[in-house]
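# An overview of the molecular structure
For reference, the chains in residue letters:
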Amino acid sequence: MPFVFDVKVVPGSNHIRWELHNTILVCHHKNPDDSKTVNTDIINAVAQALGISHSKVHLAQGTEYRHKRFKISEDHYTFQDLVEKMGLGKKG
């Protein structure tokens, strides 16, 4: 079964940055009105963090909205894996 996770896009940042709010990744994006760029940036960031090809990360829902759902076509990843590899785990 693919690994599925949610991302909320927040507009108006000077640069792309990530936060964790409960079980939702929050992406502060500099250009939220360009959905294609936002989606591509999220896919690339997730793929890079997990060390997988970006072709294994897919937008499942929310093409043009700020609430998005992505899936990874490999089943051995967990949300905790993603959070830790993106550097969003508990500090200290």
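Overview of the structure. (Residues numbered from 1 in each chain as written. Predicted model: local features only at pLDDT ≥ 70, side-chain atom pairs only at ≥ 80, totals over all residues. Heavy atoms only, no water.)

### Some words on the packing of aromatic side chains
In the structure shown here, the tally under the stated rule is 2 aromatic pairs. Taken together, the ring pairs connect Phe3, Phe5 and Phe70 into an aromatic cluster. (Phe/Tyr/Trp six-rings, centres within 6.5 Å; stacked < 30°, edge-to-face > 60°.)

### As for unusual backbone geometry
Leaving glycine out, the prevailing phi sign among residues is negative, and the prevailing peptide bond configuration is trans. Of note, the phi angle at Asn22 is positive, near 60 degrees, even though the residue is not glycine. For Asn22, the location among the structural elements is in the loop between β2 (17–21) and β3 (24–29). According to the relative accessible area criterion, Asn22 is exposed, its value standing at 71%. (Helix = DSSP H or I, 4+ residues; strand = E, 2+ residues; numbered from the N terminus. Buried < 20%, exposed > 50% of the residue type's maximum accessible area, 1.4 Å probe, protein only.)

### Some words on the pattern of salt bridges
Per the counting criterion, the structure on display carries 3 salt bridges. In this structure, the salt-bridge partner of Asp6 is Arg69, at a minimum N-O distance of 2.7 Å. On the criterion of sequence distance, the pair formed by Asp6 in strand β1 (residues 3–11) and Arg69 in strand β5 (residues 67–72) is long-range, its members being 63 residues apart. Residue classification places Arg69 among the partly exposed positions, given a relative accessible area of 34%. As a salt-bridge pair, Arg17 and Glu19 come within 2.8 Å of each other at their nearest N and O atoms. Since its relative accessible area comes to 34%, Arg17 is described here as partly exposed. Accessibility expressed as a relative area gives 25% for Glu19, which makes it partly exposed. (Salt bridge = Lys/Arg side-chain N within 4 Å of Asp/Glu carboxyl O.)

### Points about the sheet that holds β3
The strand order β2-β3-β1-β5-β4 describes an open sheet built from 5 strands, whose pairing is mixed. With one partner strand each, in any of the chains shown, β2 and β4 (57–61) form the two edges of the open sheet. In this sheet, neighbouring strand axes are inclined to one another by 35 degrees on average, regardless of whether the strands run parallel or antiparallel. As defined by bridge partners, β4 adjoins β5 across 4 bridges and the pair is classed as antiparallel. (Pairing = 2+ DSSP bridges. Axes fitted to C-alpha atoms, helices over the stretch in contact; angles between N-to-C directions.)

### Some words on the environment of Pro11
Looking at where Pro11 falls in the secondary structure, it is placed in strand β1. Here the alpha-carbon distance between Pro11 and Leu50, two residues 39 residues apart in the chain, equals 25 Å.

### Observations regarding the environment of Asp81
One can find Asp81 in helix α2 (residues 79–85). Judged by relative accessible area, which is 27%, Asp81 ranks as partly exposed. A C-alpha to C-alpha distance of 21 Å links Asp81 and Ile16, two positions 65 residues apart in sequence. Non-local contacts of Asp81, meaning those with residues more than four positions away in its chain, are made with Leu50 and His76. (Contact = heavy atoms within 4.5 Å.)

None of this, on its own, says anything about what the molecule does.
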